[in-house]
Every structure is written in C-alpha cells, then in structure tokens.
Amino acid sequence: VLAETSSRGTPTFLAIMAMRGALAISRRSMMQIEPPVFTKSRFARRWNMMDEDRVKWYNWNLACIALTGVPFLWMYTVNYRTSEDTMALIRTLNPMGLEKIKYDLRLYG
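Residues numbered from 1 in each chain as written. Predicted model: local features only at pLDDT ≥ 70, side-chain atom pairs only at ≥ 80, totals over all residues. Heavy atoms only, no water.

Some points on the overall build of the chain
On a plain count of helices and strands, the chain comes out with three helices and zero strands. Within the chain, the proportion of its 109 residues that are buried is 4%. Of the roughly 11,300 Å² of accessible surface on the chain, 65% is carried by carbon and sulfur atoms. (Helix = DSSP H or I, 4+ residues; strand = E, 2+ residues; numbered from the N terminus. Buried < 20%, exposed > 50% of the residue type's maximum accessible area, 1.4 Å probe, protein only. Areas by Shrake-Rupley, 256 points an atom, 1.4 Å probe, with all protein chains shown as cover.)

Have a look at this one:
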C-alpha cells in the first residue's frame, strides 16, 4: 500500500493516509513517559553504578591481599638450605644447638 503511485509518479491517497497513520502511531508512542521506579524499602535497593564500583573495589582488594600472601607462602614452603649437607654440617659443628653460628655477610653481598 505504501509503494502505490499514480501514473504520474505521485503517491496515491491510500499511501498518503497509511504514512500519516504510521506517523501518528509513532508520535503517540513517543509521548508516553514511563513512571520512575521508587524503592519499596531501604533493604530493596536498585542496582546502580556505585554498587558495581564497590564490587570491583572489593575484588581488587581481595586480589591484592592474595598476591601479597604469595611471597610469604613461598618463603614458608621453600627449602632455604643451600645444600643437603647443611644440616649435617650444623649438627657436626653445633650438636647441642647452644652456639650461634655466625656467617660472613660479605659472602652474600
């Protein structure tokens, strides 16, 4: 109906009226204003950008705390002895554990 034209190339009366009706419908739909949604109580809040930023902040802090703990966990589980003979040497030099073994700090740089 919209594409109907007369022999002279002008739109027909039906095409003009159909287009006018389509414009009226779209104009009516543009005039509708949706009412705002208010919260029902202080416990039922809408999700907004502040909540999303708060979740991102908490997750970032949790990741930073976890990454801070990685070196401490590694130091706790690592075998910090320089060789397998270290304990045998310590037992030979200081069997009772009474003496404090002093290391030359210039060796470690």
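A closer look at a nonpolar patch on the surface
A cluster of nonpolar residues, I101, Y103, L105, L107 and Y108, forms a patch on the protein surface that exposes about 620 Å² of accessible area. Note on placement: L107 falls in the segment after α3 (86-93). The exposed category is assigned to L107, whose relative accessible area is 68%. (Patch = residues over 30% accessible without salt bridge, like charges linked within 9 Å, V, L, I, M, F, W, Y side chains within 5 Å. Salt bridge = Lys/Arg side-chain N within 4 Å of Asp/Glu carboxyl O.)

Thoughts on the pattern of salt bridges
Evaluation of the coordinates by the stated rule reveals two salt bridges. With its nearest N and O atoms 2.9 Å apart, the salt bridge here joins R54 to D51. In this pair, R54 and D51 both sit in helix α2 (residues 49-77), three residues apart, roughly one turn of the helix. R54 sits in the partly exposed class, given a relative accessible area of 32%. Using a relative accessible area of 7% as the deciding quantity, one classes D51 as buried.

Side note on the confidence of the model for the chain
As a note on interpretation, predicted positions should not be read in detail where pLDDT is low. On average, residues of the chain score 79 in pLDDT, and 80% of them are at 70 or above. Taking the mean pLDDT of every element in the chain, the minimum, 76, falls on helix α1 (residues 13-30) and the maximum, 92, on α2. (pLDDT = per-residue confidence, 0-100.)

Quick notes on the environment of I101
Mapped onto the secondary structure, I101 falls in the segment after α3. Judged by its relative accessible area of 31%, I101 falls in the partly exposed class. Spatially, the C-alpha atom of I101 lies 8.5 Å from that of I90, the residues being 11 residues apart in sequence. Here I101 is in contact with I90 and N94, once residues within four sequence places are set aside. (Contact = heavy atoms within 4.5 Å.)

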